[in-house]
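Examining the three-dimensional arrangement
The lines below spell out each chain.
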Amino acid sequence: MLRTRPLLRRVALTGAALLATTAAIPQAAAAAGDTGPSGGGLSAVIRYTENGIPHILARDYAHLGFGTGWAQAADQVCVLADGFVTVAGERSRWFGPEAAPDGSLSSATRNLTSDLYFKGVREAGTVEKLLATPAPAGPGKDLRELMRGWAAGYNAWLAQNKITDPACKGAGWVRPVTATDVAARGFAVSVLGGQGRGIDGITAAQPPAAGPAGAEARTAAPQETDPAAAAEAAREFFDTTRYDMGSNAVAFAGSTTANGSGLLLGNPHYPWQGGRRFWQSQQTIPGELNVSGGSLLGTAVVNIGFNEKVAWSHTVATGTPVSLHQLTLDPVDPTAYLVDGVPEKMTGRTVTVPVAGGDPVTRTQWWTRYGPVVSNLGPGLPLPWTAGTAYALNDPNAANLRGSDTALAMGKARSVGGIQDALRRTQGLPWVNTVAADSAGGTLFTQSQVLPRITDELAARCSTPLGRATYPASGLAVLDGARGDCALGSDPDAVQPGVFGPGKAPTLRDAPYAENSNDSAWLANAERPLTGYERIWGNVATPRSLRTRGAIEDVAGMAAKGRLTVADLQKQQFANRAPAGDLAAADAAKACAALPGGKATASDGATVDVSAACAVLAGWDRTADSGSRGALLFDRFWRRLTATTPAKDLWLVPFSATDPVRTPRTLNQAAPGIGRALADAVADLKAAGSALDAPLGEHQFVVRGGTRLPVGGGTEALGVWNKIEAPWNAAAGGYPEVLHGSSHVQAVGWNGGHCPVARTLLTYSQSANPNSPYYADQTRMFSQERWVTSRFCERDILTSPKLKVVWPRERR
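Remember, it's a predicted structure, so these values are computed and weren't measured experimentally. (Residues numbered from 1 in each chain as written. Predicted model: local features only at pLDDT ≥ 70, side-chain atom pairs only at ≥ 80, totals over all residues. Heavy atoms only, no water.)

**Side note on the overall build of the protein**
A count of helices and strands for the protein gives 25 helices and 33 strands. Each of the three principal axes of the protein carries a C-alpha extent, and together these read 80 × 70 × 55 Å. Within the span of the protein, comprising 812 residues, buried residues form 63% of the whole. Considering only contacts in the protein between residues 6 or more positions apart, those separated by 24 or more positions represent 68%. The centroid of the 75 positive side-chain charges in the protein is displaced by 7 Å from the centroid of its 69 negative side-chain charges. (Helix = DSSP H or I, 4+ residues; strand = E, 2+ residues; numbered from the N terminus. Buried < 20%, exposed > 50% of the residue type's maximum accessible area, 1.4 Å probe, protein only. Contact = heavy atoms within 4.5 Å. Lys, Arg positive; Asp, Glu negative; His and termini not counted. Charge placed at Lys NZ, Arg CZ, Asp CG, Glu CD.)

Right, here's the structure in full:
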């Protein structure tokens, strides 16, 4: 039953009463929640303000989880239900085995491989065992209560409401869930960078066949993996700039701000569709928790956010979250391997998956003391299982269900020191850095993530020939699994064996600025570089991405200017400066003007007149604003050029570790491929029906409710802070949809009062339901570069002109 509380409605509508009773509202609402429905079911008070943002008020963690599950279901029921089908291993049953998942909970390329893995996890009781592990290695009591409440809230919404989203209206796969289902979704998020990226290889790994053909395979010469090719494949596989997740974040210290308080700008880059979207809320248990921000769908906590005293964001880290162990197999049994000369039998995990319109599919996965046997890490890095050798994937985050504990602890922190302590106690972040600022002016960058304890010494002593190639290139260790002295060991401050303790994480405290744009920790502050960490954490003294270089230039300049405010953070988010343009546009225009007859040969051999492009490139304002003329032309030219031209041929001034922000630079106007890239770019724009100087937003846009919304921002290759990744579709006019990029953006500061000064923006809006009023409202705001003024304190919530108060309750 859903009821509007008369007391809260009257308070919201009566100004004088509102002002008189603001301070008492949390206690009054909590007391109302205390009464609950008859039968003692869960309930919560939800106050909705502008843009459908819920402020969830509850008396304890179970009730808070209930309100959160209810409110998430109201906005995202179909996306949530789809994810629960994934972790149940039932995608093939409902959607067919050959279709591709949306990629939000793993990198499996087919529903069948996704199901084989997740159903295997379920049948092995993996999540249940982790739930039964006492804290701190396992999840804490508060989180368990949150997950229990979340499942109850989601189920209550399903039972009491009709689904209007056409994506799953009337679908049989939308079903109630349990707390274990919620935890299973958290497990999937935890292993996204490890087992989740290796699912195709885990489910494909099979021992050499029995019989004559198998005997021939077992006696054949072992297949060799080319070390140089493997090193490059591993580097690409773990390259964070290639992920569909990224992020920028910067914290400014009080020494750089107008009032001595810290500032934080968080700009995570996540998918715009599917189950890895953020969702906004405020969670309040009076006297216990009061935090606002973005939650990954299906989680019961705020993952990125702020409270009265501290704000934080995350960026995808460069730490390599897995290692490989090269197994020496028993000569008479390819499903047994040797450790110090003693055979050890693999464990077969046989899984049967129901398939729509066909017979069930049964496969066996093979598990070792190190983890599952894997046949590849992407198509470029084959790991063949021969008669003598196999490879096992070690992913310590497969034993980590603490990520939400970490988020909850950070939500209760009161300073950057408290954030650091939360990370130290819970050790739950699998694949991200943390950047934070507080009201006292402190800043923090730390790469406190769960990584296998691969020291450089261990890698030097125990790497196989393959590992000696991949470890320096990517941080991927390939250790000799036949040697007991190559075990990973433990740090005394680690809560689980085989991982680094938090004391080893690269960390920077109280620098004037701390910034990360998905490169390693090395240049979190260019004046105070971090060094001395093991290779698995990331590299040092290597070229940075254009996004990192541009970001450091921007934020270092802001810090030097000083007197910063939240408004300066907002300007930075939408400055849309394209560092690639600053570096190369003028020289590209000169190279264009030097082409004989103004013509160049395109990739297809056609001769293209590019003469008109020269002036457009020269006149471009070097930004990726939606109104920028020439931005689209340079974008297509730069993507084409950098896809085929190595950096050594592109720049006249090479990279220097002593000047990493400014190098490499100076475009080589004679670089092979410039003419071809110009010709291709001009042809691209012609095919899209675009003038060479058309405003970017005419051809980079999204369509919502039949309305075309221009989108500013730019791709990774351009180095734009406001990252936008969109597939080129000339027939649809250019870039007609955003796949991933800026998502839950927050600019947060403090002014000495009890309420943080915060501006937020959820770029793709709160709901995936096209029938919801909150399906495209913030997307329109993003298009117009407008922000949501956060309502954090009770007075702000209750004075919202859009205030709507509901009290969802559990029926029993």
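Here the narrative resumes.
**Notes on the packing of helix α4 (residues 61–88) against helix α6 (residues 111–123)**
Across the interface, α4 lies against α6 with an axial gap of 6 Å and an inter-helix angle of 75°. Considering their axes alone, α4 and α6 lie roughly perpendicular with respect to each other. Where α4 approaches α6, its residues Thr86, Val87 and Ala88 are matched on the opposing element by Ser114, Phe118, Lys119 and Arg122. Among the residues making up the contact of α4 with α6, the classes are represented as three nonpolar, two polar and two charged. (Axes fitted to C-alpha atoms, helices over the stretch in contact; angles between N-to-C directions. Parallel < 35°, antiparallel > 145°, perpendicular 65-115°, else oblique. Nonpolar A, V, L, I, M, F, W, Y, C, P; charged D, E, K, R; others polar.)

**Quick look at the sheet that holds strand β13 (residues 347–353)**
With respect to topology, three strands assemble into an open sheet ordered β13-β14-β15, the strand pairing being antiparallel. Each of the sheet's edge strands pairs with one partner strand only, and the pair in question is β13 and β15 (371–372). Bridge count for strand β14 (residues 361–368) against β15 is two bridges, and the pairing is antiparallel. Each residue of the ladder has a partner; that of Trp367, found in β15, is Pro372. Against the sheet, α6 touches β13 and β14, its axis set at about 120° to β13. (Pairing = 2+ DSSP bridges.)

**Side note on helix α17 (residues 546–561)**
Think of an α-helix as turning once every 3.6 residues; residues three or four places apart then point the same way. The end-to-end C-alpha distance of α17, which contains 16 residues, comes to 22 Å, matching closely the 22 Å that a straight helix rising 1.5 Å per residue would cover. Along α17, the residues that are buried comprise Leu546, Arg547, Thr548, Arg549, Gly550, Ala551, Ile552, Asp554, Val555, Met558 and Ala559. Residues of α17 that are buried sit in contact with β4 (246–252), β5 (263–271), β21 (513–516), α18 (566–573), α19 (579–593) and α21 (631–644). Within two residues after α17, Gly562 carries a phi angle of roughly 75°, on the positive side. (Expected span 1.5 Å × (residues − 1).)

**Concerning the packing of aromatic side chains**
One pass over the structure, following the stated rule, counts 22 aromatic pairs. A ring pair is formed by Trp272 and Phe782, whose centres lie 5.9 Å apart and whose planes are at 70°; its orientation type is edge-to-face. One end of the pair, Trp272, is in the loop between β5 and β6 (278–285); the other, Phe782, is in helix α24 (residues 777–783), with 510 residues separating them in the sequence. Owing to a relative accessible area of 1%, Trp272 belongs among the buried residues under this scheme. Look at Trp728 and Tyr735: their rings are 4.9 Å apart centre to centre, the planes differ by 75°, and that puts the pair in the edge-to-face class. In this structure Trp728 comes out as partly exposed when scored by relative accessible area, which is 23%. For Tyr735, a relative accessible area of 1% gives the class buried. Through successive ring pairs, a cluster of aromatic residues spans Trp272, Phe574, Tyr764, Phe782 and Trp787. Here the basic side chain of Arg197 rests over the ring of Phe237, its NZ or CZ set 3.9 Å away from the ring centre. (Phe/Tyr/Trp six-rings, centres within 6.5 Å; stacked < 30°, edge-to-face > 60°. Lys NZ or Arg CZ within 6 Å of the ring centre and 35° of its normal.)

**Here's the deal with the environment of Val738**
Note on placement: Val738 falls in the loop between β28 (724–725) and β29 (740–742). Note: C-alpha distance between Val738 and Trp721 (17 residues apart in sequence) is 16 Å. Setting aside residues up to four positions removed in sequence, Val738 forms contacts with Trp272, Gln273, Val702, Val711, Ile724, Glu725 and Ala726.

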